[in-house]
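As a plain string of letters, each chain reads:
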Amino acid sequence: MVCIVDGCSEEATLLFTWAWGEEGACCNAHRTTLESKAEQLGRGISFAPLGSDDTPRKTYGAPTLTKLSPEVGALRMANAELHERVSAVERELAAAQERNQALLAELAKLEDQVHAPKTSEDRAVVKESTESAEPRREAPSQPAKPRR
Ligand SMILES: [Zn+2]
């Protein structure tokens with residue numbers, strides 16, 4: 001098993017695993033290269049010693065996985081995280097809409113309460129105006145139209 005880093009023909013001594021599950025093998029010298037890459041991507045990487053008779057089948061499958069560049073792996077992970085965040089925001093939005101509906105219903109109730117005394121006041125005003133209008137109504141009836 002040779003180090004996966006391009007141009008390196010050293011025998012791999014470490015098995016590494018990216019935060020998104022991708023695995024590979026590298027030499028001791030390239031551990032720091034991969035660690036700085038992980039730091040650059042803001043993603044974790046873990047290393048385990050690659051024993052000569054320790055999981056040879058697993059490392060044999062690694063080359064197919066390493067076709068995926070770390071950048072792509074990190075982007076896929078970021079994408080998955082964004083999808084999670086979007087669904088979290090959607091849940092928050094649904095809850096906020098529900099709260100909004102409840103508040104609107106409460107507001108409608110309060111408006112009814114506010115309008116109820118107002119209409120009785122209006123009725124009082126109407127009563128007053130009809131009372132005061134009564135003599136006024138009589139007034140024009142008294143001086144009858146001069147008949148010809
Ligand atoms: Zn190497």
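Up top you'll find the structure we're talking about.
It should be emphasised that the depicted structure is a prediction, and the values quoted were computed from it without experimental measurement.

Caption draft 1: Expanded view of the overall build of the protein. Of the regular secondary structure elements, the protein holds 3 helices and 3 strands. Going from N to C terminus, the protein has its helices and strands arranged as β-β-α-β-α-α. Going through the 148 residues of the protein one by one, you find that 11% of them count as buried.

Caption draft 2: Looking closely at the nonpolar core. By size, the foremost hydrophobic cluster in this structure holds 10 residues: Cys-3, Val-5, Ala-12, Leu-15, Phe-16, Ala-25, Cys-26, Cys-27, Leu-34 and Leu-50. For this core, the elements supplying multiple residues, two or more each, are strand E1 (14–18) and strand E2 (23–26). Residues contacting Ala-12, with those up to four places away along its chain left out, are Met-1, Val-2, Cys-3, Ala-25, Cys-26, Cys-27 and Leu-50.

Caption draft 3: Spatial organisation of the sheet that holds E1. On the basis of which strands lie adjacent, the open sheet formed by 3 strands has the order E2-E1-E3 and antiparallel pairing. The open sheet is flanked by E2 and strand E3 (45–49), the only strands paired with a single partner. Geometrically, the sheet is characterised by an average inter-axis angle of 30° between neighbouring strands, direction not taken into account. Judged from the 4 bridges that link them, E1 and E2 form a sheet pairing that is antiparallel. Its bridge partner lying in E2, Leu-15 is registered against Ala-25.

Caption draft 4: Quick look at the environment of Glu-23. Tracing the backbone shows Glu-23 in strand E2. Glu-23 gets classed as partly exposed once you count the C-beta atoms within 10 Å, which come to 17. With 23 residues separating them in the primary sequence, Glu-23 and Ser-46 have C-alpha atoms 9.5 Å apart.

The rules behind the values
- Residues numbered from 1 in each chain as written.
- Predicted model: local features only at pLDDT ≥ 70, side-chain atom pairs only at ≥ 80, totals over all residues.
- Helix = DSSP H or I, 4+ residues; strand = E, 2+ residues; numbered from the N terminus.
- Buried ≥ 20, exposed ≤ 12 C-beta atoms within 10 Å, placed from the backbone.
- Core = buried A, V, L, I, M, F, W, Y, C linked by C-beta atoms within 7 Å.
- Contact = placed C-beta atoms within 7 Å.
- Pairing = 2+ DSSP bridges.
- Axes fitted to C-alpha atoms, helices over the stretch in contact; angles between N-to-C directions.

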